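In case you want the letters, here they are:
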Protein chains: 2
Amino acid sequence: MVRPKKRVAKSIRANRDAELTQRQILDAAEQEFARHGLKGARMSAIADRAQVTTATLHYYFETKENLYKAVLQRPVDQIQTTLGQLNLDGLSPEAALKQIIRIAITSEAENPQRQMLWFQEASQNQGGYFKECNVLSLHAHLLKVLEEGIAEGCFRPLKPFLALTHILSVCLFYFTVHENWKHLTPEVDRLSPDQIEEHTEAAIAFILAAVKRTAD
Amino acid sequence: MVRPKKRVAKSIRANRDAELTQRQILDAAEQEFARHGLKGARMSAIADRAQVTTATLHYYFETKENLYKAVLQRPVDQIQTTLGQLNLDGLSPEAALKQIIRIAITSEAENPQRQMLWFQEASQNQGGYFKECNVLSLHAHLLKVLEEGIAEGCFRPLKPFLALTHILSVCLFYFTVHENWKHLTPEVDRLSPDQIEEHTEAAIAFILAAVKRTAD
DNA sequence: TTACTTACTGATTAATTAGTCAGTTTACAA
DNA sequence: TTGTAAACTGACTAATTAATCAGTAAGTAA
């Protein structure tokens, strides 16, 4: 005798808003993938954080890998938007550089976990998912400013690409290591607005001093 | 009727050297954990790379977590040794700083994948396994040099801890992003000795210019 | 009210993965 | 040669995990 299964009624998700649900899933997935990478991330952890079941994850994104790709796509789009608003025309190389430093730090501060997403992707999957999209337009702007400044003589005769690396280092490494330094000085919240402002000012002073031609 | 199992004879591992085997396992595990973190790493991948079976991994290290801890311990011991040979007495702050920059870059260049090991640990496990050990003795040296230089007036009046961060950024971020920049300029091997030497020289020039008091 | 579509889930399956263990091979001492 | 301990493995188990799918609740239009 086969007893038909009786399911209990569900209340669950009040919203029933496909767009909102997907955004919640992507937010949760971004956290999880940033922490654990593609392989290390757990669909169940993402589902829990997004307050849905794993079946819902598959309903919207089919596979874990698709969800991962969707997560990677978001910051790309966002950076593209940010840079669309950027206009450096008419600024001196020095002023333009200051502007770029501020933008780099600000956009990183908004999503500090994306650092790790980016590094995980490069180290685990050889950056395959990033290959085609040019996230690197900020780099292009910076490189142009550096080359102009060197040509005009207001910057030292730097090697442009190494200088680019070192400048971005100063801006971004702060966020890369902030987790590592939590256990050094647990009382300081290095992601608080005023700590980030201090970092920004110090970074500008540091970088400007490093690249500007000294009076001779 | 029970047919008793006959196992075929094995040649396999010629060496049969416990110490060597363990080192091979640790090397393989360091690569795998650096790429994928604790959760994402696969015991089978480690076993394959080390040319042993997963049973051997458990024979020597019991659990995945123990193996992970053993992997983390090695760099700690190694850095401790390196710093034991360091002597900055009698050097000017500027010369001492140059020395520290060279050491930081050199030791990072020897094991560029350890960057990720370190970051993975911080982001995945809140740096729990690192808490008790003071890997940070290089930081202590650097901080001391900076404070002396500021006090003597040969460095600008920097905030010591932010300056420390920015200096280490310039030295280390190069290795953090080198995977990300492979797909930008695939033809350049940024880990080759001469590329690293270029980075070192540029980093020294950059940092010194950034911290030194300008003639006034 | 009814018919239909979309959003979402519980329960289950198939595949992967850490961990176990009895047993085999090698080195070496007596 | 024999005995013994250490090094190592093949074959297995238990647990975890991604993926599936039939089915249910909610919205919507006729």
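That block above? That's the structure.
Summary of the structure given here. Along every chain, residues carry numbers that run from 1 in the direction the sequence is written. Written order decides the labels, with chains lettered from A and ligands numbered from 1. A pLDDT threshold of at least 70 governs which residues receive local features in this predicted model, and a stricter bar of 80 or more applies before side-chain atom pairs are shown or counted, although totals over entire chains, interfaces and linings include all residues. To obtain the side-chain values, all non-hydrogen atoms of the structure were included, while hydrogens and water were left out.

1. Quick word on the overall build of chain A
A tally of helices and strands in chain A yields nine helices and zero strands. Walking chain A from its N terminus toward its C terminus, one meets helices and strands in the order α-α-α-α-α-α-α-α-α. The contact criterion used throughout is that any non-hydrogen atoms of two residues lie within 4.5 Å. Across chain A, every contact between residues at least 6 apart in sequence was considered, and the portion connecting residues at least 24 apart equals 68%. Note that accessible areas follow from Shrake-Rupley with a 1.4 Å probe, and for residues the cover is restricted to the protein chains shown. In the structure as shown, chain A presents an accessible area of about 11,400 Å², 52% of it carried by carbon and sulfur atoms. Here a helix means four or more residues in a row that DSSP labels H or I, a strand means two or more in a row labelled E, and each is numbered from the N terminus.

2. Quick look at the relation of the copies chain A and chain B
Comparison of the two chain copies shows a relationship of rotation about an axis with a shift along it. The atoms used to superpose the copies are C-alpha atoms, taken from residues with pLDDT of at least 70 in both, and the fit is least squares. By a simple turn and slide, chain A fits onto chain B: the slide is 0.0 Å along the axis, the RMSD is 0.1 Å, and the turn is 180°. Given the turn and translation reported, the copies of this chain are related as if by a two-fold rotation axis. Identified as the residue of chain A closest to the rotation axis by C-alpha distance is G40 of chain A, at 1.8 Å. Of the interface residues in chain A, 100% have counterparts in chain B that sit at the interface too, so the contact is made through matching surfaces.

3. Concerning the pattern of salt bridges
All names here are of chain A. Put simply, a salt bridge is a Lys or Arg side-chain nitrogen that is within 4 Å of an Asp or Glu carboxyl oxygen. The final tally for this structure, using the stated rule, is 18 salt bridges over all chains. Across the pair E201 and R102 runs a salt bridge whose closest N-O atoms are separated by 2.9 Å. Of this pair, E201 sits in helix α9 (residues 193–211) while R102 sits in helix α5 (residues 93–110); the two residues are 99 residues apart in sequence, bridging distant segments of the chain. Partly exposed residues are those whose accessible area sits between 20% and 50% of the maximum for their type, while under 20% is buried and over 50% is exposed, using a 1.4 Å probe and protein chains only. In this structure E201 comes out as partly exposed when scored by relative accessible area, which is 38%. Taking the relative accessible area as the measure of exposure, R102 reaches 36% and is therefore partly exposed.

4. Side note on the side chain of H36 of chain B
With respect to the helices and strands, H36 of chain B occurs in helix α1 (residues 18–40). Relative accessible area serves as the criterion here: at 7%, H36 of chain B is assigned to the buried category. Apart from the residues lying within four places of it in its own chain, the contact partners of H36 of chain B are H36, K39 and Q124 of chain A together with A41, Q120 and Q124 of chain B.

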